[in-house]
Structure formats: C-alpha cells, structure tokens
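One-letter residues, chain by chain:
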Amino acid sequence: MVNVRCPLLPYSSVPDTYEGFVKAFRPRSGLDLNFYKPNQMQRRILSFMNSRGFRSYPEFLRALDRDRGLYDAFFKHLTINVTQFFRDAKQWQTLQDDILPSLVRVKFSLRLWSAGCSGGQEPYSLAILLAEHFPAVRPAILATDIDDNVLRQAKEGLYSANDFASTPPEILSKYFSPADHGYRVRDSLKRLVSFQHQDLLTARFETGFDFIACRNVVIYFTEEAKQLLYAKFAESLNLGGILFTGSTEHLFGMSHLGLKPVSPFFYQKNG
Ligand SMILES: C[S@@+](CC[C@H](N)C(=O)[O-])C[C@H]1O[C@@H](n2cnc3c(N)ncnc32)[C@H](O)[C@@H]1O
C-alpha cells in the first residue's frame with residue numbers, strides 16, 4: 001500500500017484541494033492520479049467521500065492511513081474492476097473466427113497479455129478459447145493489474161455465477177468445478193496464466209507479445225496517458241501482433257505507432 005521510498009506528507013499539512021489530495025495519495029498508494037482525467041476522478045473521489053461522511057481531503061486521508069478496509073474499498077472504487085468472462089461476446093467471436101486463426105497460421109507458441117486483467121476473467125477466457133479451438137497452440141498468458149485485491153481473486157480462481165452471464169454452460173462445466181457459492185477454475189487452465197502486479201502508466205513493458213488485450217482500462221486516463229500507453233504497447237508487440245481494445249475504445253490518429261485496424265477493436269502491428 002505505501003511506497004516507502006517517498007516520505008509521506010502528514011495529512012494535517014495537506015491542502016484541502018484535489019491537487020493536494022493527488023500529491024499526498026501518490027506515495028501512499030503508488031497511483032499517480034495526474035494520469036487520469038481530473039473532472040471524472042474528482043467526481044468519483046468526492047462521491048466516495050460523501051458516501052462515507054468525509055467532509056475534507058485531509059480528514060479522508062487520515063482515515064485512509066488508519067483503516068485498511070476503507071483504503072481497499074476506495075482503491076477498488078477508483079480502479080473500477082467490473083468484468084466478466086467473455087465480456088462483449090461479439091468481439092470474442094471475431095477473435096475466435098478471424099484474429100486467432102491468422103495468428104496461429106504463422107506460429108504455434110503464442111505470448112499473450114491481458115493488461116488490466118481485474119479478477120482474471122479476461123485472461124482465463126483467452127486460455128479457454130485457445131484450449132477449446134486451438135488445442136495445438138502452446139500459450140503463455142501474462143495477466144497484470146494495479147489492484148492487489150483483484151489479483152488475489154484471480155490467483156485463487158474463485159468466481160460467482162454472475163461472472164458467467166456470457167459463458168456457454170458446457171464451457172462452464174468443462175473448465176470450472178463447483179465450489180462454495182460459485183465455481184473454481186480448473187488447474188489445467190490456471191497453469192497457463194501468470195498474474196503480476198503492475199501499473200501500466202509507470203512500468204517498463206516486456207517485449208515479444210503476439211497479442212495484447214487492454215480493454216476497459218483507459219476510460220479515465222488523460223489523452224496524453226493513452227498516447228503514452230498505446231505507444232508502449234506498440235513497442236511490446238511482435239510484428240503482426242494484435243492489440244485488442246474495449247468496445248468503446250478507438251485508436252484515432254495513432255497510425256504513426258504502426259498499428260492498423262483489422263477489425264473493430266483489433267489493431268495489428270505492421271509487419
Ligand atoms: C473495468 S476493469 C477491466 C477488466 C477487463 N480488461 C475487462 O475488459 O473486462 C479495469 C481494470 O483496470 C485496472 N487498472 C486501472 N488503472 C490501472 C493501471 N494504471 N495499471 C494497471 N491496471 C489498471 C483496474 O484495477 C481494473 O481491474
């Protein structure tokens with residue numbers, strides 16, 4: 001939770017402004033809110049503070065420092081980790097019918113990355129799609145997120161029925177086993193995915209990916225932060241590799257990155 005390399009400004013000397021909160025929150029969380037759209041973020045923070053009865057930023061910071069449960073709930077509210085298996089089914093069909101066949105025509109070991117993976121539903125969906133329809137492919141799937149609580153769930157692989165609204169029943173019974181209050185992902189799938197903590201805005205990325213999914217993560221990022229991120233993704237992709245975005249996310253004016261649209265929400269690195 002706390003970045004020990006930066007000294008913490010005591011909450012009593014934090015100005016009661018959004019800018020003051022952003023500056024004080026960074027060493028406490030590692031999250032630099034300067035990369036996020038200020039109007040939307042401020043609204044989200046104030047709505048959380050109001051719902052918990054906090055009247056000022058310094059008072060709120062003081063409570064965050066003392067109450068781990070409050071901190072976790074706030075971090076979750078900020079990062080918004082709503083997701084489900086096979087979210088936006090139409091895009092997953094395109095992935096199965098068009099995108100993956102063109103990738104596996106060229107190679108059989110694929111490196112894939114779910115960036116902003118939330119509780120693991122997206123990377124496990126990738127693993128299922130490959131196991132079901134491309135059994136000869138050997139996938140290595142990296143899955144990263146900034147929120148340690150969702151990563152814990154992802155590693156545990158325990159889900160509720162709501163997560164499966166877009167999942168065919170035969171897939172559910174094949175890749176999950178019934179568990180208390182839900183379903184647990186089978187070990188055969190778990191082995192294919194490795195989860196890591198990562199802040200997409202500050203991390204240096206690995207290279208050599210054939211496929212990167214970054215969906216519904218950048219909604220609150222500033223335009224500059226998005227440009228920076230997509231440029232880093234372009235560098236991380238192999239030639240011919242694919243970037244898969246969320247269903248409201250279009251990469252306008254990014255042809256200079258060498259990413260060309262091949263289908264709605266799928267971009268290919270020129271190769
Ligand atoms: C709405 S979920 C998207 C999950 C999945 N990709 C999907 O489309 O269903 C957004 C995720 O992005 C993560 N996130 C937000 N900012 C991030 C950052 N700077 N670095 C890494 N992950 C981030 C959040 O923690 C959250 O789990």
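Residues numbered from 1 in each chain as written. Predicted model: local features only at pLDDT ≥ 70, side-chain atom pairs only at ≥ 80, totals over all residues. Heavy atoms only, no water.

*Asks:* Can you help me understand unusual backbone geometry in this one?
*Replies:* Peptide bonds are mostly trans, and most non-glycine residues show a negative phi. Phi is positive for histidine 181, which is not a glycine, with a value near 55°. Turning to its location among the elements, histidine 181 is positioned in the loop between β4 (176–179) and β5 (182–185). Histidine 181 sits in the exposed class, given a relative accessible area of 81%. Notably, phenylalanine 265 is not glycine yet its phi reads approximately 75°, a positive angle. Structurally, phenylalanine 265 is set in the loop between β9 (259–263) and β10 (266–269). A relative accessible area of 12% means that phenylalanine 265 is categorised as buried. (Helix = DSSP H or I, 4+ residues; strand = E, 2+ residues; numbered from the N terminus. Buried < 20%, exposed > 50% of the residue type's maximum accessible area, 1.4 Å probe, protein only.)

*Asks:* Where do I start with the sheet that holds β9 in this structure?
*Replies:* Think of a sheet as strands paired side by side through backbone hydrogen bonds, with each pair either parallel or antiparallel. Strand order in the open sheet formed by seven strands is β6-β2-β1-β7-β8-β10-β9, with mixed pairing between adjacent strands. Either end of the sheet is taken by a strand with one partner, and the two such strands are β6 (193–197) and β9. Across the sheet, the mean angle separating the axes of adjacent strands is 25° when strand polarity is ignored. As paired strands, strand β2 (residues 138–145) and β6 are joined by five bridges and run parallel to one another. Looking at the pairing, threonine 144 lines up with glutamine 196 of β6. Across the sheet, helix α5 (residues 89–104) lies against β1 (109–115), β7 (209–214), β8 (237–245), β9 and β10, angled at about 180° from β8, the strand it touches most. (Pairing = 2+ DSSP bridges. Axes fitted to C-alpha atoms, helices over the stretch in contact; angles between N-to-C directions. Contact = heavy atoms within 4.5 Å.)

*Asks:* What should I look at first to understand the site of the ligand in this one?
*Replies:* The local shell around the ligand holds 21 residues, among which Thr83, Arg87, Gly116, Asp145 and Asn216 are the closest. A distance of 2.6 Å separates an oxygen atom of the ligand from a polar side-chain atom of aspartate 145. Backbone polar atom of leucine 200 to a nitrogen atom of the ligand: 2.9 Å apart, as the coordinates give it. For the ligand, the accessible surface in isolation is 610 Å², of which the surrounding protein chains cover 98%. Of the residues contributing to the shell around the ligand, the split by class is eight nonpolar, seven polar and six charged. (Near = heavy atom within 4 Å. Polar contact = N/O pair within 3.5 Å; in protein donor to acceptor, adjacent residues only side chain to side chain. Areas by Shrake-Rupley, 256 points an atom, 1.4 Å probe, with all protein chains shown as cover. Nonpolar A, V, L, I, M, F, W, Y, C, P; charged D, E, K, R; others polar.)

*Asks:* Would you take a moment to explain the pattern of salt bridges for this structure?
*Replies:* A side chain of one charge can pair with a side chain of the opposite charge if their charged atoms are brought near each other. Tallying each qualifying case throughout the model produces nine salt bridges. Here aspartate 88 ties to arginine 215 by a salt bridge, and the two come within 3.1 Å at their closest N and O atoms. Of this pair, aspartate 88 sits in the loop between α4 (68–79) and α5 while arginine 215 sits in the loop between β7 and α10 (223–236); the two residues are 127 residues apart in sequence, bridging distant segments of the chain. When its relative accessible area of 4% is taken as the criterion, arginine 215 is described as buried. Between lysine 226 and glutamate 223 there is a salt bridge, and its shortest N-O distance comes to 3.3 Å. Within this pair, lysine 226 and its partner glutamate 223 are both found in helix α10, separated by three residues, close to a single helical turn. (Salt bridge = Lys/Arg side-chain N within 4 Å of Asp/Glu carboxyl O.)

*Asks:* What exactly am I supposed to notice about the packing of aromatic side chains here?
*Replies:* Any pair of aromatic rings gets described here by the distance separating the centres and the angle formed by the planes. Summed over all chains, the structure comprises 29 aromatic pairs. With a centroid separation of 4.7 Å and 5° between ring planes, the pair formed by phenylalanine 85 and phenylalanine 164 is classed as stacked. A residue pair is termed long-range when its members are at least 10 positions apart, and phenylalanine 85 in the loop between α4 and α5 and phenylalanine 164 in the loop between β3 (158–159) and α8 (169–175) qualify at 79 residues. Residue phenylalanine 164 is classed as buried on the basis of its relative accessible area, which comes to 6%. (Phe/Tyr/Trp six-rings, centres within 6.5 Å; stacked < 30°, edge-to-face > 60°.)

Geometric values such as these leave the question of function open.
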